[in-house]
Amino acid sequence: MRERIDRELEEASKGRRRLSWYYVPSFLVLWLALFFAIVIPLYNRLPKRVSIAEEPSKRGEFVAERAGLQLHEYEWIGPKVVGSRANEVETVKFLLGEVERIEVQLRSDLYELEVDVQEASGGFLIAGMWNMYQGIQNVIVKLSTKESQSESYLLINSHFDSKPGSPGSGDDGTMVVVMLEVLRQMATSATPFQHGIIFLFNGAEENALQGAHGFITQHKWAPNCRALINLESGGSGGRDLLFQSGPNTPWLMKYYRQHAKHPFATTLAEETWQAGIIPSDTDFRIFRDFGHVPGLDIAQADNGYVYHTAFDTYKVISERSIQNTGNNILALARAFANASELSETENTDDSHAVFFDFLGLFLVYYTETTGIVLNCVIGVLSLVLVGCSLWRMSRQSEKVSLVQISIRFLIILGLHFVGLLLCICLPLLVAVLFDAGDRSLTYFTSNWLVFGLYVCPAIIGLVLPLTLYFTLLRNDKLSHPYLIQMSLHAEFVVLALLILILTAMGTRSQYLCLISLIFYGGAVLINLISTLHDRGYYWSITVLSLQVIPFCYFSYLFYMLLVVFFPITGRNGIASNPDLIIALLCGICTYFAMGFVAQFINVFRWPNLSLLVLGVVSFIFCMITVFSEVGFPYRAETNVMRVNFMQTKRIFYDYEGAVTHNDSGYYFVYQDRRGLTPLLDSHVNLTGLTSMEPDCDKYVMCGAPCFNSCGGRRRAGWLPRAVNITGNITLQLLEKSVLPEGNITRFEFKLTGPPQMNVFIQPVGVARVTDWSFERKLLEGSYQPPYFVYFSYGKDDSPLKFFIEVTKSDGHLSGPIIELGVVGHFVSNEFKRDAQALEFLAKLPNYVHAMEWPSIFKGYIF
């Protein structure tokens, strides 16, 4: 038996015959084994935590155990919503207490430490909304070397507030305690640094980035901040991912490459984020746009399932993860605080950086200009190598001219393009079919299902066109090894053309193509030089050996993207099919990781059978998903269904002040594609649930008590309830007057209510707002009513006073000319829920996490 196998392999290597079909499973399992043996362990690799007991022997190192203890104390405070006692009093007290302990250990002979608790008020335009804040708090610490004359500061930022109902241990408590320990290590170090460091613990990030804006536009230390390390979280635990850098300061990435202990970064993540594909935002945007401070945006991204939920707790965060982040931030803080570039503000570069880590082992970084040169050179050389290979085939093949070989190659190239399209489209087709059958999000908990649902169809689509071509092509004058090489060359040409096109478009993620081109081009060059090119299948040894590295990298990269995107699909809203995102990622991943490797299926006999087996595997996975509980998306505590709703009372007044409509209900903002469908089989009574769409023609902003975003109000749901909501919000008309111009009416108002409120403004008929207390850009630009104002306060609960001036083109100012809606959000747990709301919450299944609070909507016509 062994002799027969050896003989078969020897004959196959010389191109006399193909390998038997039953070697295909072993071939594919080999690559799967590489994924689990190399990629997964390196992706999850974290350093050993440093304990307090080890600190004397590890001076100057980040101590994760101490940070973990602080995180535990931070968590005990509970949810920290802006305006609540937990956020404005208890968390501020916790931070100041920790800073006082550090002051006791301060090397006062070397450093100065200043603390300031800022109360900021202001406003800014974001996402078409005027975002106002009043009396929000930031805890700010400045650490500087006494002997330094530098007036340039490094800014390190995280936020201590959290989403309603979440203790925020991951987002962003982990980064808060990392900053505290970095501050401790810097303040007790025997080695001084050149530039001062600002540690900004901002208290209103979840409130539409207000804390960062208050600091960078108003604080006395803000103008001296020259570089930024922004610390965020999109999950709980794992490694910290650098997903934004700059702008126009490539030296930041140079320092990251030199000093980050555990590099984890990619340009692909940066471009994905900046394209707005991920439904989130960070303070990095505020520092960049309002303070023109360049920097690094870093976040932990694992386990996004608990992000912004009650399960974002200390117990799901490994201290090794805290150690990983702490090691990186401490090293970067030391490096940036001694960087000469920090004081050279004119030393900027209009280009961006191209960067990526290789399996967490090291970071590759080069400037965008260097990337353009590399892409063009490698792209052209790749096409030249293909030409040389085809010429070599014509010289070695009898009765086959270069023209005939070129025609054959163009046919194979065309079929490979078809395979590329199928590689992307077949997974997308599966996603569309599952969504049409109300089976979206099946992979949400059972992530492994994507292998059968999307990866297998992608492999089938990639290989099928050429498999059918080679099957139908009988007694060809060209040897089969040459045909297989030509199929790989087709992939080579596609990537070469793709890198040139993407470079011309200004995309930096084309470095993915560059990696593929370098390794396959190297294999082709070696084979041409060594004559393996013409010795049967011997050339495949070189190709497959050099495919191991790009396969591992692409698998690592796209695994990271799936780890990030799997949880995001559970909070991406009801409007779009999230399966399309996962299917597209799987298709692209398969193309890059298996684009060369998968074509080797055609080296074996009966490749059609191999593809049929993959199809059967895919079908089995589909059946498992449809007919078993494995495909149910949600699990208690770990992979929850998010249900966001407000217990709402609505009162609408006419022009005379009489109540025209008064109702109470639950306002649902659907978080994922399934809406509330999974709850239909539960004990929750959803009888009467309707769409908000009909109310959009009746009331300003559809009568929806939306929070700091109203984009999905038409797709939201309304479930009537019998009991009215307690609480109050008051809009008082202070004065109504006609200005001397004669055709402008001025209204002056005072708004009193809870710490989070909205004002919606809708002119009636041909009326137009000419001026108001808010941002005039909303009136002068392309923005259209209804206008949206979001107002929140921290310690200062003074009423909001504002004016609105309105005119009409027909000059008739008598009668209704403006409609206002005001909403009060009683978000904090300090506002008690009524018995009916508590009963409703109690009936929700255990796999549901509810983010909820009472709200009151009042509509007025003036």
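Scroll up for the structure.
Residues numbered from 1 in each chain as written. Predicted model: local features only at pLDDT ≥ 70, side-chain atom pairs only at ≥ 80, totals over all residues. Heavy atoms only, no water.

Asks: Please provide a residue-by-residue account of the overall build of the protein chain, values included.
Replies: Looking only at helices and strands, one finds 20 helices and 21 strands in the protein chain. Computed over its C-alpha atoms, the radius of gyration of the protein chain comes to 31 Å, within 12% of the 29 Å expected for a compact globule of 862 residues. Projected onto its principal axes, the C-alpha coordinates of the protein chain cover approximately 95 × 70 × 55 Å. Working note: accessible area of the protein chain is about 33,400 Å², and carbon and sulfur atoms make up 58% of it. One finds the centroid of the 68 positive side-chain charges in the protein chain at a distance of 8 Å from the centroid of its 79 negative side-chain charges. (Helix = DSSP H or I, 4+ residues; strand = E, 2+ residues; numbered from the N terminus. Rg over C-alpha atoms; globule rule 2.2 N^0.38 Å. Areas by Shrake-Rupley, 256 points an atom, 1.4 Å probe, with all protein chains shown as cover. Lys, Arg positive; Asp, Glu negative; His and termini not counted. Charge placed at Lys NZ, Arg CZ, Asp CG, Glu CD.)

Asks: Describe the packing of helix α3 (residues 64-76) against helix α10 (residues 319-336), with residues and values.
Replies: Helix packing geometry: the angle between the two helix axes and the distance between the axes. It is at 9 Å that the axes of α3 and α10 come closest, and there the two elements cross at 115°. Accordingly, the angle class assigned to the pair α3 and α10 is roughly perpendicular. Taken as a pair, α3 and α10 cross one another with a handedness that is right-handed. Across from Ala64, Glu65, Ala67, Gly68 and Leu71 in α3, the residues of α10 making contact are Glu319, Ile322 and Gln323. (Axes fitted to C-alpha atoms, helices over the stretch in contact; angles between N-to-C directions. Parallel < 35°, antiparallel > 145°, perpendicular 65-115°, else oblique. Left-handed = near helix turned anticlockwise from the far one by under 90°. Contact = heavy atoms within 4.5 Å.)

Asks: Quick one: what's the story with the pairing of strand β7 (residues 295-300), residue by residue and with numbers?
Replies: Counting buried residues along β7, 6 of its 6 residues qualify, which places the element largely inside the surrounding structure. Sheet analysis places strand β5 (residues 225-233) next to β7, joined by 6 bridges and oriented parallel. Within β7, the position partnered with Ile229 by the bridge is Leu296. With 6 bridges connecting them, strand β6 (residues 240-246) and β7 associate as antiparallel partners. Counterpart to Leu242 in the pairing with β7 is Ile298. (Buried < 20%, exposed > 50% of the residue type's maximum accessible area, 1.4 Å probe, protein only. Pairing = 2+ DSSP bridges.)

Asks: Explain the nonpolar core to me, and be specific about the residues and the numbers.
Replies: Note on soluble globular proteins: their nonpolar side chains tend to be buried together. Core analysis: the largest hydrophobic core is formed by 137 residues, its most contacted members being Tyr454, Tyr511 and Tyr553. Here this core gets 17 residues from one element, more than from any other, and that element is helix α16 (residues 539-568). If sequence neighbours within four positions are ignored, Tyr454 has contacts with Pro427, Val430, Ala431, Tyr443, Asp579, Ile582, Ala583 and Cys586. Counting residues in each nonpolar core, the second largest holds 64 residues, with Ala64, Leu154, Leu183 and Met186 among its members. (Core = buried A, V, L, I, M, F, W, Y, C linked by side-chain atoms within 4.5 Å.)

Asks: Help me get a handle on the environment of Ser51, residues and values and all.
Replies: By the element assignment, Ser51 lies in the loop between α2 (24-43) and α3. Under the relative-accessibility criterion, Ser51 is labelled buried at 10%. In the structure, Ser51 is positioned 13 residues away from Ala64 in sequence and 6.5 Å away in space, judged by C-alpha atoms. If we skip the residues at most four places from it in the chain, Ser51 touches Val63 and Glu65.

Asks: Account for the state of the cysteines, naming residues and giving values.
Replies: If you walk through the whole model with that rule in mind, you get 2 disulfides. Paired through a disulfide, Cys696 and Cys702 show a sulfur-sulfur distance of 2.0 Å. Residues Cys696 and Cys702 are joined through a disulfide that is right-handed, its torsion about the S-S bond being 100°. Look at Cys696 and you get buried, because its relative accessible area is 13%. A sulfur-sulfur distance of 1.8 Å marks the disulfide that ties Cys706 to Cys710. Sign of the S-S torsion, about 80° for the bond between Cys706 and Cys710, identifies this disulfide as right-handed. This pair shows no difference in class: Cys706 is buried, exactly as Cys710 is. Taken in N- to C-terminal order, the disulfide-linked cysteines of the protein chain are connected 1-2, 3-4. Among the cysteines around Cys456, which has no disulfide bond, Cys622 carries the closest sulfur, lying 9.7 Å off. (Disulfide = S-S within 2.5 Å.)

Asks: I'd love a proper account of unusual backbone geometry, names of residues and values included.
Replies: That bond from Asp171 to Asp172 is cis: its omega, 10°, falls within 30 degrees of zero. Inspection of the secondary structure puts Asp172 in helix α5 (residues 169-187). Looking along the chain, the bond that leaves Gly246 and enters Pro247 is cis, with omega of 5°. Mapped onto the elements, Pro247 comes out in the loop between β6 and α7 (251-259). Here the phi dihedral of His308 falls at roughly 60°; this positive angle occurs in a residue that is not glycine.

Asks: Provide a residue-level description of the side chain of Glu270, including the pertinent values.
Replies: With respect to the helices and strands, Glu270 occurs in helix α8 (residues 267-274). Given a relative accessible area of 1%, Glu270 falls into the buried group. Residues within four places of Glu270 in sequence aside, it is in contact with Phe243, Gln244, Ser245, Phe355 and Arg508.

Asks: How would you explain the environment of Val823 if you had to name every residue and give the values?
Replies: Relative to the helices and strands, Val823 is located in strand β20 (residues 818-825). On the basis of relative accessible area, Val823 is assigned to the buried category, the value being 0%. Measuring from C-alpha to C-alpha, the distance between Val823 and Leu402 comes to 75 Å, with 421 residues separating the pair along the chain. With sequence-adjacent residues up to four places away left out, Val823 is seen in contact with Pro705, Ile729, Gln756, Met757, Asn758, Phe760, Ser855, Ile856 and Phe857.

Asks: Mind laying out helix α17 (residues 579-594), listing which residues take part and the relevant values?
Replies: Across its 16 residues, α17 extends 21 Å between first and last C-alpha, which sits within 8% of the 22 Å expected from 1.5 Å per residue. Among the 16 residues in α17, 12 count as buried, and that is most of the element. When α17 is considered as a whole, its buried residues turn out to be Asp579, Ile582, Ala583, Leu585, Cys586, Gly587, Cys589, Thr590, Tyr591, Phe592, Ala593 and Met594. Here the buried face of α17 lies against α2, α12 (402-436), α13 (449-472), α14 (480-505), α15 (511-530) and α16. (Expected span 1.5 Å × (residues − 1).)

Asks: Describe the packing of aromatic side chains, and please don't skip the residues or the numbers.
Replies: Scanning all chains against the criterion turns up 63 aromatic pairs. Pairing Tyr443 with Phe566 gives two aromatic rings, centres 5.7 Å apart and planes at 35°, and the pair type is tilted. Here Phe566 lies in helix α16 and Tyr443 lies in the loop between α12 and α13, a separation of 123 residues in the sequence. Of the two residues examined, Tyr443 and Phe566, each falls in the buried class. Summarising the aromatic geometry, the rings of Phe791 and Tyr793 are spaced 6.3 Å apart at their centres and angled 50° between planes, so their arrangement reads as tilted. For the pair Phe791 and Tyr793, a shared accessibility class is recorded, and that class is buried. One residue, Lys80, lies across the ring of Tyr74, its end atom 3.9 Å from the ring centre. (Phe/Tyr/Trp six-rings, centres within 6.5 Å; stacked < 30°, edge-to-face > 60°. Lys NZ or Arg CZ within 6 Å of the ring centre and 35° of its normal.)

Asks: How would you sum up α3? Please name residues and give values.
Replies: Its 13 residues place the ends of α3 19 Å apart at the C-alpha level, agreeing with the 18 Å of an ideal helix rising 1.5 Å per residue. When α3 is considered as a whole, its buried residues turn out to be Ala64, Arg66, Ala67, Gly68, Gln70, Leu71 and Tyr74. Elements that come into contact with the buried residues of α3 comprise α4 (85-105), α5 and α10. Where α3 ends, the next residue or the one after it, Gly78, has phi of about 95°, a positive value.

Asks: With reference to specific residues and values, describe the packing of helix α11 (residues 368-396) against α15.
Replies: For the pair α11 and α15, interaxial distance at closest approach is 10 Å and the crossing angle is 35°. Seen along the crossing, α11 lies across α15 with a hand that is left-handed. Residues Leu374, Asn375, Ile378, Gly379, Ser382, Leu385, Cys388, Ser389 and Arg392 of α11 form the contact with α15, whose own contacting residues are Leu514, Leu517, Ile518, Gly521, Val524, Leu525 and Leu528.

Asks: Please set out a nonpolar patch on the surface residue by residue, giving values where relevant.
Replies: A cluster of nonpolar side chains, namely Leu612, Val616, Phe619, Ile620, Met623 and Phe627, defines an oily patch on the protein surface of about 610 Å² accessible area. Of note, Phe627 is situated in helix α18 (residues 607-627). Of the residues examined, Phe627 reaches a relative accessible area of 64% and is grouped as exposed. (Patch = residues over 30% accessible without salt bridge, like charges linked within 9 Å, V, L, I, M, F, W, Y side chains within 5 Å. Salt bridge = Lys/Arg side-chain N within 4 Å of Asp/Glu carboxyl O.)

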